[in-house]
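Fold and geometry: a report
Here's the letter readout for the chains.
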Number of protein chains: 4
Amino acid sequence: MALLVEKTTSGREYKVKDMSEADFGRLEIELAEVEMPGLMASRSEFGPSQPFKGAKITGSLHMTIQTAVLIETLTSLGAEVRWCSCNIFSTQDHAAAAIARDSAAVFAWKGETLQEYWWCTERALDWGPGGGPDLIVDDGGDTTLLIHEGVKAEEIFEKTGQFPDPNSTDNAEFKIVLSIIKEGLKTDPKRYHKMKDRVVGVSEETTTGVKRLYQMQANGSLLFPAINVNDSVTKSKFDNLYGCRHSLPDGLMRATDVMIAGKVAVVAGYGDVGKGCAAAMKQAGARVIVTEIDPICALQATMEGLQVLTLEDVVSEADIFVTTTGNKDIIMLDHMKKMKNNAIVCNIGHFDNEIDMLGLETHPGVKRITIKPQTDRWVFPETNTGIIILAEGRLMNLGCATGHPSFVMSCSFTNQVIAQLELWNEKTSGKYEKKVYVLPKHLDEKVAALHLGKLGARLTKLSKDQADYISVPVEGPYKPFHYRY
Amino acid sequence: MALLVEKTTSGREYKVKDMSEADFGRLEIELAEVEMPGLMASRSEFGPSQPFKGAKITGSLHMTIQTAVLIETLTSLGAEVRWCSCNIFSTQDHAAAAIARDSAAVFAWKGETLQEYWWCTERALDWGPGGGPDLIVDDGGDTTLLIHEGVKAEEIFEKTGQFPDPNSTDNAEFKIVLSIIKEGLKTDPKRYHKMKDRVVGVSEETTTGVKRLYQMQANGSLLFPAINVNDSVTKSKFDNLYGCRHSLPDGLMRATDVMIAGKVAVVAGYGDVGKGCAAAMKQAGARVIVTEIDPICALQATMEGLQVLTLEDVVSEADIFVTTTGNKDIIMLDHMKKMKNNAIVCNIGHFDNEIDMLGLETHPGVKRITIKPQTDRWVFPETNTGIIILAEGRLMNLGCATGHPSFVMSCSFTNQVIAQLELWNEKTSGKYEKKVYVLPKHLDEKVAALHLGKLGARLTKLSKDQADYISVPVEGPYKPFHYRY
Amino acid sequence: MALLVEKTTSGREYKVKDMSEADFGRLEIELAEVEMPGLMASRSEFGPSQPFKGAKITGSLHMTIQTAVLIETLTSLGAEVRWCSCNIFSTQDHAAAAIARDSAAVFAWKGETLQEYWWCTERALDWGPGGGPDLIVDDGGDTTLLIHEGVKAEEIFEKTGQFPDPNSTDNAEFKIVLSIIKEGLKTDPKRYHKMKDRVVGVSEETTTGVKRLYQMQANGSLLFPAINVNDSVTKSKFDNLYGCRHSLPDGLMRATDVMIAGKVAVVAGYGDVGKGCAAAMKQAGARVIVTEIDPICALQATMEGLQVLTLEDVVSEADIFVTTTGNKDIIMLDHMKKMKNNAIVCNIGHFDNEIDMLGLETHPGVKRITIKPQTDRWVFPETNTGIIILAEGRLMNLGCATGHPSFVMSCSFTNQVIAQLELWNEKTSGKYEKKVYVLPKHLDEKVAALHLGKLGARLTKLSKDQADYISVPVEGPYKPFHYRY
Amino acid sequence: MALLVEKTTSGREYKVKDMSEADFGRLEIELAEVEMPGLMASRSEFGPSQPFKGAKITGSLHMTIQTAVLIETLTSLGAEVRWCSCNIFSTQDHAAAAIARDSAAVFAWKGETLQEYWWCTERALDWGPGGGPDLIVDDGGDTTLLIHEGVKAEEIFEKTGQFPDPNSTDNAEFKIVLSIIKEGLKTDPKRYHKMKDRVVGVSEETTTGVKRLYQMQANGSLLFPAINVNDSVTKSKFDNLYGCRHSLPDGLMRATDVMIAGKVAVVAGYGDVGKGCAAAMKQAGARVIVTEIDPICALQATMEGLQVLTLEDVVSEADIFVTTTGNKDIIMLDHMKKMKNNAIVCNIGHFDNEIDMLGLETHPGVKRITIKPQTDRWVFPETNTGIIILAEGRLMNLGCATGHPSFVMSCSFTNQVIAQLELWNEKTSGKYEKKVYVLPKHLDEKVAALHLGKLGARLTKLSKDQADYISVPVEGPYKPFHYRY
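Residues numbered from 1 in each chain as written. Chains lettered and ligands numbered in written order. Predicted model: local features only at pLDDT ≥ 70, side-chain atom pairs only at ≥ 80, totals over all residues. Heavy atoms only, no water.

1. Focus: the relation of the copies chain D and chain A
Let me state the cut-off plainly: The atoms used to superpose the copies are C-alpha atoms, taken from residues with pLDDT of at least 70 in both, and the fit is least squares. Residues count as neighbours in contact if any of their non-hydrogen atoms are within 4.5 Å of one another.
Expressed as a screw transformation, the operator carrying chain D onto chain A has a rotation angle of 180 degrees and an axial translation of 0.0 Å, and the superposed copies differ by an RMSD of 0.0 Å. As the rotation angle and translation indicate, the two copies are arranged about a two-fold axis. The C-alpha atom lying nearest the rotation axis in chain D is that of D:Arg484; the distance is 2.2 Å. Most of the interface of chain D is mirrored in chain A, where 100% of its interface residues are also at the interface.

Written out as structure tokens, the structure reads:
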């Protein structure tokens, strides 16, 4: 696929796999709208006043059907949008096609190379001579990273005239980032400076991206305000937990059709994602073993009847391995070599470095048999037995299935809409400094409330007397900041 | 697709969708073999003595990857095999291709018309001038039905010279059956008599087919011995229960991506299939409501915390409807018209008459929007809201996903192999009359035992003293016939 | 406690712990009546016609509050009743007092010696010169055993003049049985012959007693008809399963207050009782390991995510051990010596020989520390660590808690009432030979139906057309005999 | 029981129910020690250095077996201790006796009147002429309240000479508090001032007490530093959640023996306590309906398949009602009058005002039938049907059972020990102002770590490289402050 930008008849840029899938995408978007009451309520509430009039939003977030509903919520509130995916396998091509045809500039397809991935990211950021973006929706922080690295390189270039050197790093992906910045520098040595000056703020979707933001805040390098959407309760305690509880078995089933009942499943990490994964495996009839570094999370696992051991303890007896840690180097080549024949190894954490894919790929004599896209059997020469790797070690729920379902993403994405509105509305008020913020609790509660009706739930109302007794307003918020849910 | 039989280079007949999928099928068959220890153990135990040498087996059973491993177990024991699917949507085309290329005569593809379906069935039964089949593997009883109806028509024809009249029935499918028999009569008025005289017996896979067999036994019309595989414990209490617990959510997810958590799911019927379905929905976070006619099953549902109501009570508030009854006319047009917008309606019972598809299709002004194959949205003119029908009302786990997973099918299919061996070995002994039999308990226990090792389970051994105390042999069988598990 | 029979003011015999608890017993009986809809419905349906007029019923069944409601159902239908408990620890003294005061002759108290236990049994059988009983309600078969052994001894005595010799057996309990029979012989050498001639039949409550009955049927020694109540679906699949699921944690909590979550629980046996126990432990947050001899039950356990191992594999790492096998010699002294300090060992199977109490008691240097009644810590001299034995190895749910709850016992006991009615009504018809029978399915379904209203369940009604389609009567029964539920 | 203080032979004051239960208490304390690894580890780690040498600690916390192990941990670290219970029904008399005899001054018995309750509280605070306490362990905040109210009254008295007027309030309990303060004032008008001047700080156990503390902090009236133990993760996410999951069914079973399976249970409130209660009821086979005011918690409930409705929606169809809100006026007389016969109503929140006991008690013609202590049936004259109230509306798990099990209380109480140590060690450093603090995360993690070994859990160790990658120390703490677990 040559990397040429295409244009719709209306002149909007895009690059997707197959525009003929747009109708199919549109049908699924319409189904998803019924499942995403928070986003639809946002359209009703805010649409008439067009609050994003004039705002240019760049998004880097899995280009799925659900994201399509988010994008069209942003555009229906007046925004202009350019979008890329934040993972090479996570795009749903019919969703990308429908949005590209109907609503926004999309650069995304399922199965990008890393080179293509960063090309898409760069395209999504490029608003042409008019400048932009004003706002960023980020997931994992790659767009934010590109701007920050770009600014850093431009500063060095300005001082020293030196271009960034892709060979200065061993990291294959970072090499590409440096190359892109280098090319950009040649065209416009202030490209990223202009961007960061214009950006009103970013709203970040996931744990991994948030971690990066807090690190930048800590070392003073953060260039614009950020809203941590991940730590809204209606995000981290919902999509991380219930989303993965749904999409882990979905991905396993679609990729391997393997019976989960009766199997031994190892879940590495027992945070919100790990809790969802462990619950799903247990409920499907697997025996679940958790690995953890944090004694509190480990103790939670034991209280649910899960065994807590180290990977070494169980590596040769388990059938399914799922990494959820957000850390790196969790399942290494040496682990994989000790596994049972056809053990399934997959990752549902944001980045693909939880599993030592490099070690596996470069192991002498190893053989890769692609059963179907995103499902590979790797055979070791030593034993002639193999393991099944899903989605090449990347997010298996998006690579092998369709990611989290619409309803739970509606919670997450309604937070995104609110965060973007907040940044945009306060763009001149000085309310937000170059720091990381979470949304106030009453907005978090509002997101939840918007989703209850669809499920037939009926809330109890506090009396004034009761509200006074527990010292909260009748209308909420109901909990102190430190409340854990 | 013109209904022309094709031939492999070796001269074996077949009709499949796309022979180029054979390699993919082979890869998945190899994965499945690792998950089907019972079948592989049968190959090891019986293969060397080639017990099926000379046996011609016709099978009518969902042509999936798992069935492929069953077929190749039969052929590796010496049988010659012809196969069709027992459901128009259940064939996995890559499985069919691999088997057609490598092992047996296959007539099956995903998405047959009813006309094509019965053509395939008739092909699978046609062993040419040499005669056959000797044995039948049946699922739902359509092959058995065809022979019985054929014999009946031939008897009438012999007595009266009258052909069967397709217009004598309103049932669209039975019209086709009569047409096929009529055509057969013209060619050979003893076609089905020859068949029934040769058939040593049938082993029947599922509840629905077994019910038909017991009816024929009761009215004295059964033409050859039958082994009821469905009621082996390792079948009915395993694949019906644990298989559906796995494949119902699988089908829902693949077809609709809808979040199951938080939804209200109605499961019609709380037999083994219903129990598996209800468990799956509950575990995924749905609120489950069961409908039942049998007070015992209803009481079981309540003991699991499930609400038992009638369909009328909940039709307008539920999100997901699953029929599992084995009965007909469960969800009628009038029910569907009262449902919420985008309520999902599906069937996991054997036949497609649980849902009133005819009523739906012929409702004036109704509009069918196909989201993707097997996922249709039907919009009612009265309300302009719609419901989602999966797999056109047929088995949704096979139509929308890949059916039960290999491990549990290994239990079922090992029973099939044992049943076929039993019928064949006793073909001249008179052990089996024209009745319905179940396998003896020690064989049932053997099937289970063959599957424990794969899961790392270790059985306790009875001492002689303990065995005497409970009056069972040390090696089993351990339970009385009436034991319910 | 001297074994003197006492009399109420109305002249009815009894022997209970403390008659002053009768009021308390009455209050709890009244509560239980609300939870036992099947028994109360039996009173309404059958009470007016007094079908048991003239019938003398002896019962040997845990003298609990629930049994009190059963007894008063029998008396409200016209029967005269004498009762004893079938376990030395299972009597609830307030229940015994209320019944003794108000309704029937009761001989039972919590904490009988074995000597006292058989004295009570013999009292319950002794209807004085008028003769009796006419009917027996048995649980475990001790009453039936006493009559059978009595008859056997009388035959020998008649032929040889020889009394049974208590020293002919090592079994401490059987010694007592022989002594009692010996004493009886001295008084009346036809005592048990007269009894067996009069007994119309016995209805047996539990697996263990049923096993004995089938053995007697097999060897032709059964002296009167027996109805196997245990294998009514509404008994074995309800009280064994759901009753134990309730009463196992109840007993553990009352006896030890130990936190179940996080612990490793070993459940020996995965029959109906074991399934209930394993479910309870899993749900409470324990990690459950099952031991099994039967590969089918073992495979069921794995499908629920439970690990199946041998006792030897886990004896030194588990925290809680529960025997449910109905077999003997499950947990032996050598096992107990290897357990962790304060491991809890208990039995919920009918007899107390699942745990090697004799081995424990006679282990040199072992020390017994009674924490409270039914909760003993046994300390081994070798390690100075101890284990906790509940209810001295007897039924822990009755010894340490109050047994199964009323609702599920209402199912079991309604079967008892129906069985007793059936035996009595058919006493002269010859319908029942000296064999073991189960109740017909329509009565089983009726028992279930009587319990649904209390839970707010609403059954679906079959149409005639549907009933014909599946070949059942509209009113049921709905399932074939071999159906497993 | 006359309120006379008694003395041990060694001269230590006490007032308990029955000193002869001390041996029994000691046996259960020894069992509990094995289940409380955190407290025992604290004894090993800190005991040798006697850090509490010279410290006088007053505790007001359910005087149970678990609390006994806490008290003896404090004394084994060098403290002198006086103790009362914080609930009139929660004392376990054998625990109180053992502690009174062996370790500390105890004023507590099961079934205190409110008058007695406050007498006990006042006794526990009275260290005589030497002064004290130095530290307070509080649960619900009654001890803290007494001092604060005392100080307030003394200030008014000093200014105006006026005594507090018990008739100034309608609240029966607060009347008593004012009386006690009034009496104190007569003896020593600076009694509470001296106390508050000496108190180094309080560590508060539960949500309700913490809420009071934050209110006092907010309005500037807090008189000494407070550590909020409740919001340690190893407290609120453990004992509130897993403790109640254990002790709610325990209390229900002991009080009523009712079968939980099949019933409809309403859980009012879905905080940590409510989550534990709902999980317990669901797992026991009940159908659970949640009432909530907070949309986030409500949405969590739906994700677990629980129905969210208002109390009014379900009041007449549910069987079991549990209040967990920490608010008042949840179940009112009008609700109770609409309930089914023998509906069970209980409270597991800290205070007894969740259920309108006053309304019930004063309803004309209502009849109270005490089944057994803490289990009352209240019969309405209108319908002659009744409801079952547990523990007179107070904490049912402590009133009807034995409260949370040892293991989870070991987590909570290890936090208490650490909090007390922290306050005492920093008494002169000025680290703690008159504010509310939570324990630092590394101590929270330490508490968890101390409990893993007992359960056989094995933690994974971070490599330095991994720790750097996620920016945490290798040894923890591993999570940001806002992490929710």
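Anyway, onward from the coordinates.
2. Some remarks on the confidence of the model for chain A
When pLDDT drops low, the exact placement of atoms in the prediction is not to be read closely. What counts, and what does not: Summary of the metric used: pLDDT quantifies the predictor's per-residue confidence within the range 0 to 100.
For chain A, per-residue confidence averages 97 on the pLDDT scale, and residues scoring 70 or more make up 100% of the total. Across the whole predicted complex the pTM is 0.96, and at the interface the ipTM reaches 0.96.

3. Regarding unusual backbone geometry
Residue and element names in this part refer to chain B. To be explicit about the condition: A run of H or I in DSSP becomes a helix once it reaches four residues, and a run of E becomes a strand once it reaches two; helices and strands are each numbered from the N terminus.
Residue Pro133 is bonded to the preceding Gly132 through a cis peptide linkage, with omega at 0 degrees. Of note, the bond from Gly476 into Pro477 is cis; its omega dihedral lies within 30 degrees of zero at 0 degrees. Within the fold, Pro477 resides in the segment after helix H20 (464-469). One non-glycine residue, Glu392, adopts positive backbone phi at about 55 degrees.

4. Description of a nonpolar patch on the surface
Applicable threshold: Distance thresholds for patches are 9 Å for like charges and 5 Å for nonpolar side chains (Val, Leu, Ile, Met, Phe, Trp, Tyr), applied to residues having over 30% relative accessible area and no salt bridge. A 1.4 Å probe and the Shrake-Rupley method give the accessible areas. Residues count as covered only by the protein chains that appear here. In the sections that follow, a salt bridge refers to a side-chain nitrogen of Lys or Arg positioned within 4 Å of a carboxyl oxygen of Asp or Glu.
On the surface, a nonpolar cluster with roughly 370 Å² of combined accessible area is contributed by A:Val438, A:Phe481, D:Val438 and D:Phe481. For A:Phe481, the location among the structural elements is in the segment after helix H20 (464-469).

5. Comments concerning the pairing of strand E3 (residues 56-60) of chain D
All names here are of chain D. Condition: Accessibility here uses a 1.4 Å probe with only protein chains present; expressed as a share of the type maximum, an area under 20% marks a residue as buried, one over 50% as exposed, and anything in between as partly exposed. Any two strands between which DSSP finds at least two bridges are classified as paired.
Most of E3 is tucked away: 5 of the 5 residues are buried. The side-chain alternation of E3 yields two buried faces, one formed by Lys56, Thr58 and Ser60 and the other by Ile57 and Gly59. The pairing of E3 with strand E4 (residues 80-84) spans 5 bridges and is parallel. Residue pairing for E4: Gly59 is matched across the bridge by Trp83.

6. Section: the interface of chain B and chain D
In many reports, interface size means the accessible area that the parts give up when they come together. To keep it simple, the criterion reads: A 3.5 Å cut-off defines polar contacts: any pair of N or O atoms within that distance qualifies, except that in protein one atom must be a possible hydrogen donor and the other a possible acceptor, and neighbouring residues in sequence count only when both atoms are side-chain atoms. Note on residue classes: Ala, Val, Leu, Ile, Met, Phe, Trp, Tyr, Cys and Pro are nonpolar, Asp, Glu, Lys and Arg are charged, and everything else, Gly too, is polar.
Taken together, the contacts link 12 residues of chain B with 12 residues of chain D. The tally of links from chain B across to chain D stands at 0 salt bridges. Where chain B touches chain D, the interface holds 6 residue pairs in polar contact (both at pLDDT 80 or more). Taken together, the residues that form the side of chain B that touches chain D break down as 4 nonpolar, 5 polar and 3 charged.

7. As for the interface of chain D and chain A
Rule in force here: The quantity reported as buried area is the accessible area (1.4 Å probe) lost by two parts once they are put together, taken as the sum for both.
Counting residues at the interface gives 68 residues for chain D and 68 residues for chain A. Both sides together, the interface formed by chain D and chain A hides about 6,300 Å², and carbon and sulfur atoms give 59% of it. Counting the contacts that link chain D with chain A gives 8 salt bridges. Between A:Arg245 and D:Glu304 there is a salt bridge, with its nearest N and O atoms 3.3 Å apart. Listing elements by their share of the side of chain D that touches chain A, those giving two or more residues are helix H9 (207-218), helix H10 (233-236), helix H11 (239-256), helix H12 (272-283), helix H13 (295-303), helix H18 (406-425), helix H19 (441-452) and helix H20 (464-469) of chain D. Sort the elements by how many residues they give to the side of chain D that touches chain A and H13(D) lands first, with 8 residues. Here the side of chain D that touches chain A is built from residues that sort into 30 nonpolar, 19 polar and 19 charged.

8. Considering the sheet that holds strand E12 (residues 320-323) of chain D
In a beta sheet, neighbouring strands pair by backbone hydrogen bonds and run either parallel or antiparallel. Residue and element names in this part refer to chain D. The cut-off we apply is this: Only the stretch in contact is used when fitting a helix axis, every axis being a line fitted to C-alpha atoms; angles between N-to-C directions are given from 0 to 180 degrees.
The 8 strands lie next to each other as E11-E10-E9-E12-E13-E16-E15-E14, forming an open sheet whose pairing is mixed. Every interior strand has two partners, whereas the edge strands, strand E11 (307-308) and strand E14 (367-372), have only one. In the sheet, E12 pairs with strand E13 (residues 343-347) via 4 bridges, with the strands oriented parallel. Bridged to Val322 within E13 is Cys346. Those strands touched by H12 are strand E9 (264-268), strand E10 (287-291) and E12, and its axis lies near 175 degrees from that of E9.

9. Description of the state of the cysteines
Residue and element names in this part refer to chain D. For the record, the criterion: Disulfide: a pair of cysteine sulfur atoms within 2.5 Å of each other.
Applying the stated criterion to the full structure yields 0 disulfides over all chains. Between Cys84, a cysteine without a disulfide, and Cys120, which holds the nearest cysteine sulfur, the sulfur-to-sulfur distance is 6.8 Å. Exposure remark for Cys84: the relative accessible area of 0% places this residue in the buried category. The thiol sulfur of Cys86 is not disulfide-bonded, and the nearest other cysteine sulfur, from Cys84, lies at 7.8 Å. Classification of Cys86 by relative accessible area gives buried; the value is 5%.

10. Side note on the packing of aromatic side chains
All names here are of chain A. In plain terms, the rule: Any two rings among Phe, Tyr and Trp, with Trp reduced to its six-membered ring, count as a pair given centres within 6.5 Å; such a pair is stacked if its planes are under 30 degrees apart, edge-to-face if over 60, and tilted if neither.
For the coordinates displayed, the defined rule picks out 28 aromatic pairs over all chains. Seen from their ring centres, Phe238 and Tyr242 are 5.4 Å apart, and the 65 degrees between their planes marks the pair as edge-to-face. What makes Tyr242 buried here is its relative accessible area of 4%. Consider the rings of Tyr483 and Tyr485, whose centres lie 4.8 Å apart with planes at 85 degrees: the pair is edge-to-face. Every member of this aromatic cluster is reached through a ring pair, and the members are Phe107, Trp109 and Trp119.

11. Notes on the relation of the copies chain B and chain D
Put simply, the two copies of the chain differ by a rotation about an axis and a shift along that axis. Overlay of chain B on chain D (RMSD 0.0 Å): rotation 180 degrees, translation along the axis 0.0 Å. When the interface residues of chain B are mapped onto chain D, 100% of them again fall at the interface, so both copies present the same face.

12. Examining H11(D)
All names here are of chain D. Quick note on the threshold: By this rule, a helix spans an expected 1.5 Å times one less than how many residues it contains. The angle between axes fitted to the seven-residue stretch ending at a residue and the seven-residue stretch beginning at it gives the bend at that residue.
With 18 residues, H11 should reach 26 Å at 1.5 Å per residue; the first-to-last C-alpha distance of 24 Å fits that figure. Of all the bends in H11, the greatest reaches close to 30 degrees and is centred on Arg245; the proline Pro249 follows between one and four positions later. Taking burial as the measure, the 18 residues of H11 include 18 buried ones, the bulk of the element. Phi turns positive, to about 55 degrees, at Asp257, one or two residues after H11.

13. Quick word on the domain arrangement of chain A
Residues and elements named next belong to chain A. In plain terms, the rule: All domain edges in this entry derive from an automatic or database-based domain assignment.
In terms of domain boundaries, chain A breaks down into domain 1 (6-234 + 404-443) and domain 2 (242-400). When domain 1 packs against domain 2, close to 1,400 Å² is buried across both sides, 61% of that on carbon and sulfur atoms. Considering only the surface of domain 1 that becomes buried against domain 2, Phe89, Thr208 and His404 emerge as the three largest contributors, covering 39% of it. For the pair domain 1 and domain 2, the number of links is 0 salt bridges. Here domain 1 and domain 2 share 4 residue pairs in polar contact (both at pLDDT 80 or more) between them. No other element matches the 3 residues that helix H9 (residues 207-218) contributes to the side of domain 1 that touches domain 2. The residue inventory of the side of domain 1 that touches domain 2, partitioned by class, reads 6 nonpolar, 8 polar and 5 charged.

14. Some remarks on the sheet that holds strand E4 (residues 80-84) of chain A
All names here are of chain A. Sheet architecture is open: 7 strands sit in the order E5-E4-E3-E6-E7-E8-E17, paired in parallel fashion. At either margin of the open sheet sits one strand with a lone partner, and together these are strand E5 (105-107) and strand E17 (436-437). Taken together, the 3 bridges between E4 and E5 define a ladder with parallel strand orientation. For Trp83, the partnering residue across the bridge sits in E5 and is Val106. Sheet contacts for helix H5 (residues 114-125): strand E3 (56-60), E4 and E5; angle to E4, the most-contacted strand, approximately 170 degrees.

15. Some points on the packing of helix H11 (residues 239-256) of chain A against helix H11 (residues 239-256) of chain B
As a reminder of what qualifies: Between 65 and 115 degrees an angle is taken as roughly perpendicular, under 35 as roughly parallel, over 145 as roughly antiparallel, and anywhere else as oblique.
The contact between H11(A) and H11(B) brings their axes to 10 Å, and the two run at 95 degrees. The orientation of H11(A) relative to H11(B) falls into the category roughly perpendicular. Of H11(B), the residues touching H11(A) (which contributes A:His246, A:Asp250, A:Met253 and A:Arg254) are B:His246, B:Asp250, B:Met253 and B:Arg254. For the contact of H11(A) with H11(B), the residue count by class is 2 nonpolar, 2 polar and 4 charged.

16. Topic: the pattern of salt bridges
Counted according to the given criterion, the structure contains 160 salt bridges over all chains. One network of salt bridges, in which partners are shared, links A:Asp23, A:Arg26, A:Glu72, A:Arg101 and A:Asp102.

17. Overview of the UniProt feature "binding site: substrate" (unreviewed entry) in chain A
All names here are of chain A. Stated formally: UniProt positions are given in the numbering used here, feature names are shortened, and annotations may be inferred rather than shown by experiment.
If you check UniProt for "binding site: substrate" (unreviewed entry), the listed places come out as Thr64, Asp139, Glu205, Lys235 and Asp239 in our numbering. Here Asp139 shows up in the loop between strand E6 (135-138) and helix H6 (142-160). For Asp139, a relative accessible area of 4% corresponds to the buried category. Excluding its chain neighbours within four sequence positions, the residues that come into contact with Asp139 are Ser60, Leu61, His62, Cys86, Glu204, Glu205, Thr206 and His350. Along the chain, Glu205 falls in the loop between strand E7 (201-204) and H9. Leave out the neighbours within four places in its chain, and Glu205 touches Leu61, Asp138, Asp139, Val229, Asn230, Lys235, Asp239, Met409, Ser412, Phe413 and Gln416.

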